[in-house]
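# Examining the three-dimensional arrangement
Chain residues, written in single-letter form:
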Amino acid sequence: MSFLCKHKLPGNLHFCGHGRPGNAPCGAFEYVRVERPEDLPPADPRWVDVAVLDMNHGWPNLGHDGLVHSLLDIACELLPLTEETGVRVRALSFDVRRSGMIPEPPGGRFSLYLGTGGPGSLDPHENDGRSEVSQGIREDPSWEAPLFRLFDRILAGESAALLAVCHTFGVLCRWSGLARPVLRGPEKGGKSAGVLENLLAPEAAGHPWFRQLAGELAGGGRLRILDNRLFDLIPRAAPFPAGMTPIGWETYGVGGPRGEAITMIEFSRDSAGTMPRLFGVNHHPEVVDRARQMEIVDQKRARGEVSAAWVAERREALTRTFPDEDSEHRLRLTSDYTLQGPLRFHLWRQVRQRVEALGFAVDLHEDRVAAGLPLPAAPAGLTAVPS
């Protein structure tokens, strides 16, 4: 399966937002930045609001915009529903670490949360702006306690979902106590960056969703990942608590044995027992379609938003390939299963439930995603009718 938006197929240079998160011209999507309480727009029954936890502390990055564009892709594919019902998708991006903005817990306007990567130590108390692990970040750690309380509420709420990458995954590991962050030393070559490899855990082969990925991988469950991290996450104890499942591990080099660092964890599964609903990865599945990401890097450079060193590091990662394989296809496969598929599942659920709450019936169900089935053909499959 492929979850790349049909409007962004290879060869089509146009895409919404022109390299920045933005509003879709079709009206199916809106993006709002929340740095102060007054930035938060009022809830609206025809907006499905998704909370983005921006952990970048103002640093330039590709990942935040990649997550927002993934939401935009799904919203645009559901355009026939928007036209029939007025139900649209809105991404509300909360500046967590720099501004201390934390979204409200599930049960009100939010049921779906996305967590980004970010710089510095996974423990905000260590980010003093001087130490090696802080990467120049100096932050007020007071956001951590309310964010941990939000994680508690998401875990307890069976209808809520959080999908987390890189920095947010590390914070989840600290919150749960499942793994401790360890700075990668010279024996591991320091920072892990570029197109590398992870290994699916044995538990993935029995997982209703990830066993599909295991079936598509050759070479014993080895998958390509796009990495950019300073820390390993080392499990504190085994086995994991009931309901929490290891999904992926590092390898000691491409083709090497399994390492000690955990790289993917399912903290909780959806109520049907099919799809991860509280799930984190230590790679960057949101940075997909490397040719388009190169365009975004060039746009950021032209606007003066990033340094030459930042551009060079991203260019190296985005152009690396391995001989005798289609690295782009393998990276997209990883993205489909470790982010895009679960994201589509949970967003479809939220849109379907909102449409039904407004009195419409529609042939759209998230179980199609879990089964690897495509979007119903428009217009018949996506046309809403009064129930």
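In short, a report on the structure. Because the structure is predicted, anything quoted here is derived from the model rather than measured.

Thresholds applied
- Residues numbered from 1 in each chain as written.
- Predicted model: local features only at pLDDT ≥ 70, side-chain atom pairs only at ≥ 80, totals over all residues.
- Heavy atoms only, no water.
- Helix = DSSP H or I, 4+ residues; strand = E, 2+ residues; numbered from the N terminus.
- Buried < 20%, exposed > 50% of the residue type's maximum accessible area, 1.4 Å probe, protein only.
- Contact = heavy atoms within 4.5 Å.
- Areas by Shrake-Rupley, 256 points an atom, 1.4 Å probe, with all protein chains shown as cover.
- Pairing = 2+ DSSP bridges.
- Core = buried A, V, L, I, M, F, W, Y, C linked by side-chain atoms within 4.5 Å.
- Axes fitted to C-alpha atoms, helices over the stretch in contact; angles between N-to-C directions.
- 1 Å grid on protein atoms, 1.4 Å probe; cavity = no way out; pocket = protein on both sides within 12 Å on 5 of 7 lines; lining within 4 Å.
- Points joined across faces, edges and corners; volume = space filled by probe spheres on them.
- Nonpolar A, V, L, I, M, F, W, Y, C, P; charged D, E, K, R; others polar.
- Phe/Tyr/Trp six-rings, centres within 6.5 Å; stacked < 30°, edge-to-face > 60°.
- Expected span 1.5 Å × (residues − 1).
- Arc of directions from axis to C-beta.
- Salt bridge = Lys/Arg side-chain N within 4 Å of Asp/Glu carboxyl O.

For the protein, the helix and strand inventory stands at ten helices and 14 strands. Relative to its 387 residues, the protein shows a buried fraction of 57%. Intrachain contacts of the protein at a sequence separation of at least 6 include 75% that bridge at least 24 residues. Carbon together with sulfur atoms contributes 53% to the accessible area of the protein, which is approximately 15300 Å² in total.

Turning next to the pairing of strand β7 (residues 192–200). Counting buried positions along β7 yields seven of nine residues, so the element is predominantly enclosed. Here β7 pairs with strand β8 (residues 222–229) via eight bridges, running antiparallel. If you follow alanine 193 over to β8, its bridge partner there is asparagine 228. By the bridge criterion, three bridges tie β7 to strand β10 (residues 245–251) in an arrangement that is antiparallel. Paired with leucine 199 across the bridge in β10 is tryptophan 249.

Here we come to the nonpolar core. The biggest cluster of nonpolar side chains holds 50 residues, and the ones touching the most others in it are Phe29, Leu71, Leu200, Leu347 and Val351. Considering every element that reaches this core, the biggest residue donor is helix α9 (residues 327–357), with nine residues. Membership of the second largest hydrophobic core comes to 40 residues, among which are Trp143, Phe151, Phe169 and Ala201.

Before going further, it helps to examine the sheet that holds strand β12 (residues 276–281). The strand order across the open sheet built from ten strands is β1-β3-β2-β4-β5-β12-β11-β10-β7-β8, with neighbouring strands paired in mixed fashion. The open sheet terminates on both sides in strands that have one partner only, identified here as β1 (29–34) and β8. Sheet twist, expressed as the mean angle between neighbouring strand axes with direction ignored, is 25°. The sheet strands contacting helix α1 (residues 63–77) are β1, β2 (47–54), β3 (88–95) and β4 (110–115), and the helix crosses β1 at an angle near 150°. Where helix α8 (residues 308–319) meets the sheet, its contacts fall on β7 and β8, and the angle it forms with β8 comes to roughly 180°.

Let's shift gears to the environment of leucine 196. With respect to the secondary-structure elements, leucine 196 resides in strand β7. Residue classification places leucine 196 among the partly exposed positions, given a relative accessible area of 22%. Those residues in contact with leucine 196 that sit more than four places away from it in its chain are Leu223, Arg224, Ile225, Asp227 and Arg320.

Here the focus is the layout of surface pockets. In this structure, the largest pocket encloses a volume near 580 Å³. Where the lining of the largest pocket is concerned, the elements lending two or more residues are α1, β7, β8 and α8. The leading source of residues in the lining of the largest pocket is α8, at five residues. For the lining of the largest pocket, the per-class residue count stands at 14 nonpolar, 14 polar and six charged.

Take the side chain of glutamate 366 next. Inspection of the secondary structure assignment puts glutamate 366 in the loop between β13 (360–361) and α10 (367–370). Setting aside residues no more than four positions away along its own chain, glutamate 366 makes contact with Phe345, Trp348, Arg349 and Arg352.

A word on the packing of aromatic side chains. The relation between two aromatic rings is expressed through the spacing of the ring centres and the mutual angle of the planes. Summed over all chains, the structure comprises eight aromatic pairs. Ring geometry for tryptophan 175 versus phenylalanine 267: centroids 6.3 Å apart, planes at 55°, classification tilted. Taken together, the positions of tryptophan 175 in helix α5 (residues 167–176) and phenylalanine 267 in strand β11 (residues 258–269) put the pair 92 residues apart, joining distant regions of the chain. As far as burial versus exposure is concerned, tryptophan 175 and phenylalanine 267 are alike and both buried.

Now for the environment of arginine 332. On the secondary structure map, arginine 332 appears in helix α9. The exposure class assigned to arginine 332 is buried, which follows from its relative accessible area of 17%. Spatially, the C-alpha atom of arginine 332 lies 9.1 Å from that of isoleucine 225, the residues being 107 residues apart in sequence.

Quick look at helix α4 (residues 144–156) now. Here α4 spans 18 Å end to end across 13 residues, near enough to the 18 Å set by a 1.5 Å rise per residue. Taken as a whole, α4 has its buried residues at Glu144, Leu147, Phe148, Leu150, Phe151 and Ile154. Axial view of α4: buried residues confined to an arc of 155°, hence all on one face. The outward face of α4, more than 90 degrees from its buried face, is lined by the exposed residues Arg149 and Ala156.

What follows concerns the pattern of salt bridges. Counted according to the given criterion, the structure contains 36 salt bridges. Here glutamate 38 ties to arginine 36 by a salt bridge, and the two come within 3.5 Å at their closest N and O atoms. In this structure, the salt-bridge partner of arginine 174 is glutamate 144, at a minimum N-O distance of 2.3 Å. You can see arginine 174 sitting in helix α5 and its partner glutamate 144 sitting in helix α4, a full 30 residues away along the chain. Taking relative accessible area as the criterion, glutamate 144 reaches 8% and is therefore assigned buried. When salt bridges that share partners are traced, they join Arg184, Lys188, Asp227, Arg229, Asp232 and Glu250 into one network.

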